[in-house]
Amino acid sequence: MRNKYRKPTTLPCNAGSRCSTSLVLWSLLGFLLFLHLYSYICNRDTNGEESRLHVSHHPQFRELQEVEEENIQVPPPKGKRSPRAEKRRPKPKRPTTLIDEFLDENSQMRHVFFPGLKRAIDPTQAAGNDSYYYYPGRIWLDTDGNPIQAHGGGVLYDKSSRTYYWYGEYKDGPTYHAHKKGAARVDIIGVGCYSSKDLWSWKHEGIVLAAEETNETHDLHKSNVLERPKVIYNEKSGKYVMWMHVDDANYTKAAVGVAISDTPDGPFDYLGSHRPHGYESRDMTIFKDDDGVAYLIYSSEDNSELHMGPLTEDYLNVTSVVRRILVGQRREAPALFKHHGIYYMITSGCTGWAPNEALAHAAESILGPWETIGNPCIGGNKMFRVTTFFAQSTFVLPLPGLPGSFMFMADRWNPADLRDSRYVWLPLIVAGPVDQPLEYSFEFPLWSRVSIYWHRKWRLPQGWSRFK
Ligand code: GAL
């Protein structure tokens, strides 16, 4: 009887607990869904607000976001082309492309890709209305009137002196091929450094890390390779730390070099090189996060993937933490930046000095997972967009006073005469919804579209403040 009495009460009780468990689960799921929806809407609102803010508060900002078309036609083949360009063509009957024209040093279109000097960009003449304009791809002179030599570079903002420092490869030497099939090269001269208060006129501060002339076993012997130097400041040690790609002429050493200095304008002391985490490292960059932790990002495994890992507290080495990202995507020339807590990165494909299509990537955590969100280039024409405006990413600098806007820095390499490679600096804006489906995440994306706008001539809107 006791059992009979108990049984019916036990059964509904179990069913009830199952019911309430599923009720709890469903409400939890509903709550999570609501949270996602809410953060998505908030994110959209913030972005929407931000673009409205740009447009309403900075009328010139609208100019930056205007889509500027280019109508460049490839001229019909005429007479003899240079033997080098002929050799490069695998099929002789293939129609000429703009990339062929770009790589052909005798092209009739040479002036389109490598236009000559314009007085307006000469800071020694910088007076009147035409000053402070950027002319992407044109020769850019320093305050002494010499073409700036800071290729594959990056910019450091030095808080104590309220000055920007631009470091890059000083390539003012003859271009030659070390081997018949080797890439065009210039002997290492060193790292050029330029300072500026306005990001427009640049004073040459000299070569802050120089090549080694005599000791052939030295990493920086002139016959080797020093590329993509980047500098960050370490608050704890008070040192300026430079990381760079060091290699031999055949790019088989694949290592990173580190140098330090007490002042941003050098001289930097070279500390040596190593393969980070024991892996090959070619194109690379460093990124200092808001919490002071810095990261090394490098192309590895024969450029098939990127690796990323935090540096030690003194920024002089990597730690044992490393992540493989964009595996199998063959990306290089990484340039990282952060906006509203989200990490973004621009990369290029791997085609040596020849330009190719840029891609933007985003991540909620710097160590990944990273999501590819598409080609950020807007304007020009299709050829401009699939060649990153005939340039390759090197650095992205936040523009203080204009949240969500950045200076995109790229190199328009000139493999026929590397010292005459040009700088393509353009406005990069993070706003609006992404236009590519997501790979890893089934959630609503927290990130926005990254857009780099082509302009033949542009300047920073008045609203930007020079100092952080
Ligand atoms: C590119 C790289 C440059 C330079 C060049 C040499 O892929 O981004 O920094 O190494 O190759 O061909």
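It should be noted that the structure appears before, not after, this text.
As the structure is a prediction and not an experimental result, all values here were calculated from the model.

Student: Residues and numbers for the nonpolar core, please.
Tutor: In this structure, M242, L296, V396 and F408 are the most contacted members of the largest nonpolar core, which totals 102 residues. Of all the elements, strand 22 (residues 422–430) adds the most residues to this core, at 7 residues. Ignoring any residue separated from it by four or fewer positions in sequence, one finds M242 in contact with V191, L209, P229, K230, V231, V258, A259 and F268.

Student: Can you tell me about the sheet that holds strand 1 (residues 151–158), naming the residues and giving the values?
Tutor: Spatial ordering of the open sheet is given by 1-2-5-6, a layout of 4 strands whose pairing is antiparallel. Each edge of the sheet is formed by a strand with only one pairing partner; in this case those strands are strand 1 and strand 6 (203–210). For this sheet, the mean inter-axis angle between neighbouring strands, taken without regard to orientation, is 25°.

Student: Account for the site of the ligand, with residues named and values stated.
Tutor: Around the ligand, the neighbouring residues are G152, A183, E227, R228, D283, E332, A333, C350, G352, W353 and Q392. At the level of secondary structure, the elements contributing two or more residues to the shell around the ligand comprise strand 7 (225–234) and strand 15 (332–339). Tallied by class, the residues present in the shell around the ligand amount to 4 nonpolar, 3 polar and 4 charged.

Student: Report on the sheet that holds strand 8 (residues 239–247), specifying residues and quantitative values.
Tutor: With respect to topology, 4 strands assemble into an open sheet ordered 7-8-9-10, the strand pairing being antiparallel. The outermost strands of the open sheet, each flanked by one partner alone, are strand 7 and strand 10 (269–274). On average, adjacent strands in this sheet sit at an angle of 20° to one another, irrespective of strand direction. As paired strands, strand 8 and strand 9 (residues 255–261) are joined by 7 bridges and run antiparallel to one another. Looking at the pairing, V246 lines up with A255 of strand 9.

Each value, and the rule that gives it
- Residues numbered from 1 in each chain as written.
- Predicted model: local features only at pLDDT ≥ 70, side-chain atom pairs only at ≥ 80, totals over all residues.
- Core = buried A, V, L, I, M, F, W, Y, C linked by C-beta atoms within 7 Å.
- Buried ≥ 20, exposed ≤ 12 C-beta atoms within 10 Å, placed from the backbone.
- Helix = DSSP H or I, 4+ residues; strand = E, 2+ residues; numbered from the N terminus.
- Contact = placed C-beta atoms within 7 Å.
- Pairing = 2+ DSSP bridges.
- Axes fitted to C-alpha atoms, helices over the stretch in contact; angles between N-to-C directions.
- Near = placed C-beta within 6 Å.
- Nonpolar A, V, L, I, M, F, W, Y, C, P; charged D, E, K, R; others polar.

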